[in-house]
Amino acid sequence: MGKAVRKESREFYILTFPWLAVFLLMSFYPMLYGLYLSFTNYAGFNFDNVKYVGLRNYNNVFFDSDAMYALGRSFYIGSLNVLFSTVFGFLIAVLLNNKFKAIGFFRSLYYLPAILPITAVGLMWKQLFASTGVLNDFLAWTGFQPINWLGYDHAAMSLLILLSWGCGGGIIIYLAGLKGISPELYEAAAIDGAGAFRRFRLITVPLMTPVIFFNLVFGIIGSLQIFAQATLLSPNGGLMGVPIRPIYLYLVHTFQQIFMFQRYAYGLALLWVLFIITILLTLIVFGTSRLWVHYESGDRKGG
């Protein structure tokens, strides 16, 4: 190893050490300590008599009907959220990739919801969904009956509307990917007689699959961690509120177990079950990516 290489390696480790130290002390160690506590009877303030209880907490997770219901609702709402945000976000990004007047204004408008505080967004949409809110006022003005947006029948749809409204972060990533596609490809296809839809299907979609794959992975991770949006739509409001059953999600149940009932070890077991499920789903997406993710350089597919 040459002197220059050793110097470069030394500089690399010096520069990355602060981040690595913070990660080990503030993230990795607490995560492992939480894993240990999930196998104990830890209840928050009983450090003097913490005892190992084996897999009891994890068994309780799968025999907890509320936890399994909340997990099912998280899968249902999360899968729809990933579908809507991926499809609509991609299509909106394609539209925003065109050149027309005030394009910068529209790009900012679609990105704005992604940077607003979740609490403000949740409270705003709760007011819009209220029985005397703007949406029902509009329905009454157009001659339709008002809808109980936050009731049992429509709460899940209302939550999905709230979540889809904030898909601007994904749109920005799609736009970056679209800007990376060479215009010469579209020009060559147009010369060969390919129409707009065919160019979109044969050029845009295949070359955007790496970006779609990226957003899909992060969309799955984020959708399984939905908490604040559902809680803020609860009847009693606030982060301590309990949503009605259609939007009673897994992290809501975990929060209730830890902070309302002081079942800390059980709550940690709930979190580790979610972590394992997230890892498995991510591995499945990575494993199937070679079948549908295409790269511009060479004929290699994802993986």
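Residues numbered from 1 in each chain as written. Predicted model: local features only at pLDDT ≥ 70, side-chain atom pairs only at ≥ 80, totals over all residues. Heavy atoms only, no water.

S.K.: Summarise the packing of helix 8 (residues 168-179) against helix 10 (residues 196-223); cite the residues concerned and give the values.
M.R.: Put simply, helix 8 and helix 10 touch, their axes get as near as 10 Å, and they point 145° apart. Along this stretch, helix 8 crosses helix 10, giving a crossing that reads as right-handed. Of the residues in helix 10, those in contact with Gly170, Ile173, Tyr174, Gly177 and Leu178 of helix 8 are Thr204, Met208, Val211, Ile212, Phe214 and Asn215. Split into classes, the residues belonging to the contact of helix 8 with helix 10 amount to seven nonpolar, four polar and no charged. (Axes fitted to C-alpha atoms, helices over the stretch in contact; angles between N-to-C directions. Helix = DSSP H or I, 4+ residues; strand = E, 2+ residues; numbered from the N terminus. Left-handed = near helix turned anticlockwise from the far one by under 90°. Contact = heavy atoms within 4.5 Å. Nonpolar A, V, L, I, M, F, W, Y, C, P; charged D, E, K, R; others polar.)

S.K.: Just give me the short version of unusual backbone geometry, but keep the residues and values in it.
M.R.: Positive phi, normally seen in glycine, also occurs at Ala102, with a value near 65°. Relative to the helices and strands, Ala102 resides in the loop between helix 3 (65-96) and helix 4 (103-115). For Gln262, which is not glycine, the phi torsion reads 55° and is therefore positive. Inspection of the secondary structure assignment puts Gln262 in the loop between helix 12 (250-260) and helix 13 (264-288).

S.K.: Could you give me a rundown of the environment of Phe218, with the residues and numbers involved?
M.R.: As for its position among the elements, Phe218 is in helix 10. Taking the relative accessible area as the measure of exposure, Phe218 reaches 51% and is therefore exposed. Sequence separation between Phe218 and Asp153 is 65 residues; the distance between their C-alpha atoms is 29 Å. (Buried < 20%, exposed > 50% of the residue type's maximum accessible area, 1.4 Å probe, protein only.)

S.K.: Pulling in residues and values, what's your account of the packing of aromatic side chains?
M.R.: Across all of its chains, the model carries 24 aromatic pairs by this definition. Measuring from ring centre to ring centre gives 6.0 Å for Tyr29 and Tyr33, while their planes differ by 10°; the resulting arrangement is stacked. Of this pair, Tyr29 and Tyr33 both sit in helix 1 (residues 3-37), four residues apart, which is roughly one turn of that helix. Measuring from ring centre to ring centre gives 5.4 Å for Phe105 and Phe106, while their planes differ by 70°; the resulting arrangement is edge-to-face. Residue placement shows Arg245 over the ring face of Tyr69; its charged tip is 4.2 Å from the ring centre. (Phe/Tyr/Trp six-rings, centres within 6.5 Å; stacked < 30°, edge-to-face > 60°. Lys NZ or Arg CZ within 6 Å of the ring centre and 35° of its normal.)

S.K.: Talk me through helix 8; I want residue IDs and the actual numbers.
M.R.: The terminal C-alpha atoms of helix 8, which comprises 12 residues, lie 17 Å apart, in line with the 16 Å expected from a rise of 1.5 Å per residue. Taken as a whole, helix 8 has its buried residues at Gly168, Ile171, Tyr174, Leu175, Gly177 and Leu178. What you see down the axis of helix 8 is that its buried residues fit within an arc of 165°, all on one side. Contacts made by the buried residues of helix 8 are with helix 3, helix 4 and helix 10. (Expected span 1.5 Å × (residues − 1). Arc of directions from axis to C-beta.)

S.K.: Can you break down the pattern of salt bridges residue by residue, with the values?
M.R.: Taken as a whole and assessed by the stated rule, the structure comprises one salt bridge. For Arg245, the salt bridge identified is with Asp66, shortest N-O distance 3.5 Å. Of this pair, Arg245 sits in the loop between helix 11 (228-232) and helix 12 while Asp66 is found in helix 3, placing the two residues 179 residues apart along the sequence. Residue classification places Asp66 among the partly exposed positions, given a relative accessible area of 31%. (Salt bridge = Lys/Arg side-chain N within 4 Å of Asp/Glu carboxyl O.)

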